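Descriptive analysis of the structure
Chain residues, written in single-letter form:
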Amino acid sequence: MELFIQSIVVYGFIIFVMTNAGLYTYRHQYPNGFISENNPYNKKSSFIDLFTKSHFLIPQLVYCFFVTVRERVGADCESYKQDFYNLLYGYDNRETIEQGFTSLIKFTLHFTDKHYLMFLIMGFSQIGALYYAMRKEGYLLIFFGITLFFTGTFFSLMNGMRQNITACIFVAMTALILNKKYWLWVIPITIITITMHRSALAIIPVGILGYICKDKIPNKYIQLAIVFVCLLLMDKVDYILPMELLDFGEYSGYSKETIEHYAEYSIEEKSFGFRSYLLLFSQIIIILYSNRLKAFYNSNKFNYIYCLFFVRVCLFLLFYNNFVVNRFLFFVDLFVPIMQAYLLFYLWYNKSQNNKLIFSSYIFILIAHFLYQLYVSVVKFPYEVTLYKFDL
């Protein structure tokens, strides 16, 4: 119970800081309200502002602090520490590890013989890329902390941090992908991210998919029908996947034995239960509002993010227990909390009686999901990686 309360306090504090900083950012960017002809949109929030403006810097630093001093938060937390200390003491038992990650460890070893600096840089690479992607949309930052933690996406970021760094960078590349003038930058950035995790090769096809489909979002009824079919076909269509997908999994650094182990674990242990239905229901609400959201935000960026959000919802249902597909979906997982932030701002800004009710209900659903996730972790303790534990 002590760790449960500690987790509520720590995660709640991060959310509080991110939300209040987001409110300040929004009011600073939109002093006349979101819909106003006098908003100096193009002058808002440069890259330098991420490091010099307190409303950007403070929430990032708070996030990074708790990422840095955590223990057993995220399934790979301890293995990353082991990688660090293996190199510190002169040996490495992971021959296939990417050079970018090895170089990061060697860089931090110039300054310290503790793993904290490595975790600090990795955490900042994640949250910094996400804040860069949303720096001009302060309205998203109001609710992003809420959706990031209450959906459990934060715990995903802590598990497979290297791959999730590349996924965060992919989110930050949204503006490049949407502007043909900057397409030449996509390839070198992708090559650099591959040095952190080889699966980053997927950035290019996923980006192309989002770009092509951004103007082809079907109406909400067709979307709901597609989601319902995917739910009915959950784990019944794995045989249609090409064998090359397994090769992609191995190329990405997962041995065939690892893939088979996780596949067996998913079949035996993983089930689409209460938490999964809560999240699915929250995603269906977004789909029901999709036409209004598209008209309200009226931008290629929103359409692109929504398209990849919808792709993620469908593929996650269709291949729920497929380890390789789920690792591939890391590159679109982050569009779920971002899209939820879009919805929550819409409901919060358009204060009709119905929207107020939906807003309150939506927050309640997310909180219920989060608390239930922590409760399950308490039951599983010490065999869990969700409750916050300090490593000091």
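Placed above this text is the structure.
Residues numbered from 1 in each chain as written. Predicted model: local features only at pLDDT ≥ 70, side-chain atom pairs only at ≥ 80, totals over all residues. Heavy atoms only, no water.

This next bit is on the overall build of the protein chain. Counting secondary structure elements, the protein chain contains 22 helices and zero strands. In the protein chain, which comprises 392 residues, the share counted as buried stands at 53%. Considering only contacts within the protein chain whose residues lie at least 6 apart along the sequence, 80% involve residues at least 24 apart. Accessible area of the protein chain: about 18400 Å², with a carbon and sulfur share of 64%. (Helix = DSSP H or I, 4+ residues; strand = E, 2+ residues; numbered from the N terminus. Buried < 20%, exposed > 50% of the residue type's maximum accessible area, 1.4 Å probe, protein only. Contact = heavy atoms within 4.5 Å. Areas by Shrake-Rupley, 256 points an atom, 1.4 Å probe, with all protein chains shown as cover.)

Another point: the packing of helix α5 (residues 99-109) against helix α6 (residues 116-134). Following both chains from N to C, one finds α5 and α6 inclined at 130 degrees, their axes separated by 9 Å at the closest point. By the angle class used here, α5 and α6 are oblique. Every pair of crossing elements has a handedness; the one defined by α5 and α6 is right-handed. Between α5 and α6, the contacting residues are F101, L104, I105, F107 and T108 on the first element and L117, M118, I121 and M122 on the second. Class assignment for the residues of the contact of α5 with α6 results in eight nonpolar, one polar and no charged. (Axes fitted to C-alpha atoms, helices over the stretch in contact; angles between N-to-C directions. Parallel < 35°, antiparallel > 145°, perpendicular 65-115°, else oblique. Left-handed = near helix turned anticlockwise from the far one by under 90°. Nonpolar A, V, L, I, M, F, W, Y, C, P; charged D, E, K, R; others polar.)

For the rest of this paragraph, the subject is the packing of helix α21 (residues 335-349) against helix α22 (residues 353-380). The N-to-C vectors of α21 and α22 enclose an angle of 145 degrees; their axes lie 8 Å apart at closest approach. The way α21 lies across α22 gives a crossing that is left-handed. Packed against α21, whose contacting residues are Q340, L343, L344, Y346, L347 and W348, the element α22 presents N355, I358, F359, Y362, I363 and L366 at the interface. In terms of residue class, the contact of α21 with α22 is built from ten nonpolar, two polar and no charged.

Another aspect to go through is the packing of aromatic side chains. For the structure on display, the rule yields 53 aromatic pairs. Look at F149 and F154: their rings are 4.5 Å apart centre to centre, the planes differ by 25 degrees, and that puts the pair in the stacked class. F154 matches F149 in its accessibility class, with the two residues each being buried. With a centroid separation of 4.9 Å and an interplanar angle of 80 degrees, the aromatic rings of F296 and Y297 are classed as edge-to-face. Note on Y297: relative accessible area 9%, which makes it buried. The ring centre of F101 lies 5.4 Å from the NZ or CZ of R162, which sits over that ring. (Phe/Tyr/Trp six-rings, centres within 6.5 Å; stacked < 30°, edge-to-face > 60°. Lys NZ or Arg CZ within 6 Å of the ring centre and 35° of its normal.)

Evaluation of the coordinates by the stated rule reveals two cavities of 30 Å³ or more. Volume-wise, the largest cavity comes out at about 40 Å³. Lining the largest cavity are A133, M134, E137, L140, V171, T174, K301, I305 and I338. Mapped by element, the contributors of at least two residues to the lining of the largest cavity are α6 and α18 (300-318). Of the residues assigned to the lining of the largest cavity, the class counts are six nonpolar, one polar and two charged. (1 Å grid on protein atoms, 1.4 Å probe; cavity = no way out; pocket = protein on both sides within 12 Å on 5 of 7 lines; lining within 4 Å. Points joined across faces, edges and corners; volume = space filled by probe spheres on them.)

Of the consecutive residues F381 and P382, the connecting peptide bond is found in the cis state with omega at 10 degrees. Locating P382 in the fold gives a position in the segment after α22. Backbone geometry places R72, a non-glycine residue, at a positive phi of 50 degrees. Assignment of secondary structure puts R72 in the loop between α3 (54-68) and α4 (77-88). Phi is positive for N298, which is not a glycine, with a value near 45 degrees. One can find N298 in the loop between α17 (290-297) and α18.

This brings us to the environment of R292. Position of R292 relative to the elements: it lies in helix α17. Between the C-alpha atom of R292 and that of Y346, which follows or precedes it by 54 residues, the distance is 9.0 Å.

This part takes up the nonpolar core. Y11, F154, Y297 and F309 are the most contacted members of the largest nonpolar core, which totals 122 residues. The element that contributes the greatest number of residues to this core is α18, accounting for twelve residues. What Y11 contacts, discounting residues up to four positions off in sequence, is V73, F149, F154, F155, F370, L374, T386, L387 and Y388. (Core = buried A, V, L, I, M, F, W, Y, C linked by side-chain atoms within 4.5 Å.)

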